[in-house]
Amino acid sequence: MTFERYKSPYLFAGLGIFLIVLTIIIIAIGPIPQDNDYHNFADNRTILGIQNFWNVISNVPFAIVGIIGINMCFRYKLEGALFSWGVFFTGILFVPIGSAYYHLFPNNQTLVWDRLPMTISFMALFAALLSEAIDLNLEKKILIPSLIIGIASVVYWVLADDLRPYGVVQFGTLAALPFIYFFSTLKYPGRDWLMYGLVFYISAKVFELADSAIFSLFGGAISGHSLKHVVAAASTFAIFEMLKSRRLELR
């Protein structure tokens, strides 16, 4: 299998309609400030001198996925948007650093460093998948602008206390994945892992929202936020498996 230029009118139409609807919704709902209660985690136990221990340590799987992902991208010859995938896994490698720093000192200032690596990975993922679905030459044109837009969304939140652009970057990118999956004419080994990753990430957000409820359900053993980290890391591992399946098929 080789990556060639594919153009699907359904993909363009689907993404176009989606972006128009999303823009209208975002403008209509007005500014979304950061809720200060976000920093109040159900499990704030200090263990071995580490505040919010489980929320810190549960980030380790991200580091593992980042390392093995970067290794795969640069050790093996992969077809596709290789540079974007490398940026994606590099962002994942920095997620546990930013997240651990935030959970050690949870406030809006440290939350910036939690969100920046995730934003970089979101936009690199979007650039990689869109380039592979439409035209590999597109990667050179959209990767850097996509990363700038992602970083700018975090900067805008810091300056204006408005989460709307950041929400578009995170949830808009994820919501675009089904369009790319179903309407792209490009088929490649392991592509179903993309949808598995989306399901994992949606589950992670549910666990995050149910932080206290899960903590109570398990008798204080583990919280929803800690589970969120593990399951979100599983979503990035699904992307790794997608690329690994492609490599195994093509070698």
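Above this text you will find the structure in question.
Residues numbered from 1 in each chain as written. Predicted model: local features only at pLDDT ≥ 70, side-chain atom pairs only at ≥ 80, totals over all residues. Heavy atoms only, no water.

(A) Region of the structure containing the packing of helix 3 (residues 60-75) against helix 4 (residues 82-104). The contact between helix 3 and helix 4 brings their axes to 7 Å, and the two run at 155°. Between helix 3 and helix 4, the crossing angle belongs to the class labelled roughly antiparallel. Considering only the axes of helix 3 and helix 4, their crossing is left-handed. Here F62, A63, V65, G66, I67, G69, I70, C73 and F74 of helix 3 come into contact with helix 4, specifically with L82, W85, G86, F89, T90, I92, L93, V95 and P96. (Axes fitted to C-alpha atoms, helices over the stretch in contact; angles between N-to-C directions. Helix = DSSP H or I, 4+ residues; strand = E, 2+ residues; numbered from the N terminus. Parallel < 35°, antiparallel > 145°, perpendicular 65-115°, else oblique. Left-handed = near helix turned anticlockwise from the far one by under 90°. Contact = heavy atoms within 4.5 Å.)

(B) Focus on the nonpolar core. Ranked by internal contacts, the top residues of the largest apolar core, which has 57 residues, are W85, F88, F89, L129, L177, L194 and I239. Elements that contribute at least two residues to this core include exactly helix 1 (9-29), helix 3, helix 4, helix 5 (108-134), helix 6 (139-160), helix 7 (164-183), helix 8 (192-209) and helix 10 (224-250). For this core, the element with the most residues is helix 5, which contributes 15 residues. Excluding its chain neighbours within four sequence positions, the residues that come into contact with L177 are L125, L129, L194, M195 and L198. (Core = buried A, V, L, I, M, F, W, Y, C linked by side-chain atoms within 4.5 Å. Buried < 20%, exposed > 50% of the residue type's maximum accessible area, 1.4 Å probe, protein only.)

(C) Helix 8, seen in detail. Over its 18 residues, helix 8 runs 27 Å from end to end, which matches the ideal 26 Å to within 8%, given 1.5 Å per residue. Along helix 8, the positions that sit buried rather than exposed are L194, M195, G197, L198, Y201, A204, K205 and E208. (Expected span 1.5 Å × (residues − 1).)

(D) Local environment of the pattern of salt bridges. This structure, assessed with the given rule, holds five salt bridges. Of the charged contacts, one joins R164 and D162 as a salt bridge, the two residues approaching to 2.8 Å between their closest N and O atoms. Residue R164 is classed as buried on the basis of its relative accessible area, which comes to 16%. Residue classification places D162 among the buried positions, given a relative accessible area of 2%. (Salt bridge = Lys/Arg side-chain N within 4 Å of Asp/Glu carboxyl O.)

(E) Local environment of a nonpolar patch on the surface. A cluster of nonpolar side chains, I17, V21, I25, I29 and I32, forms an exposed patch at the surface whose accessible area comes to about 430 Å². Tracing the backbone through its elements, the reader meets I25 in helix 1. (Patch = residues over 30% accessible without salt bridge, like charges linked within 9 Å, V, L, I, M, F, W, Y side chains within 5 Å. Areas by Shrake-Rupley, 256 points an atom, 1.4 Å probe, with all protein chains shown as cover.)

(F) Expanded view of helix 6. If you check helix 6, its first and last C-alpha atoms are 31 Å apart, about what 22 residues at 1.5 Å a residue would give, namely 32 Å. Inspection of helix 6 places E139, I142, L143, S146, L147, G150, S153, V154 and W157 among the buried residues, and these make up the whole buried set. For helix 6, the angular spread of the buried residues around the axis is 140°, confining them to a single face. Along helix 6, the residues that are exposed and aim more than 90 degrees away from the buried face are K140, K141, I148 and L159. Two residues or fewer after helix 6 comes D161, characterised by a positive phi angle close to 50°. (Arc of directions from axis to C-beta.)

(G) Here's a closer look at the environment of A232. Inspection of the secondary structure assignment puts A232 in helix 10. For A232 and G197, which are 35 residues apart along the polypeptide, the C-alpha to C-alpha distance reads 8.4 Å. With sequence-adjacent residues up to four places away left out, A232 is seen in contact with F62, Y201 and A204.

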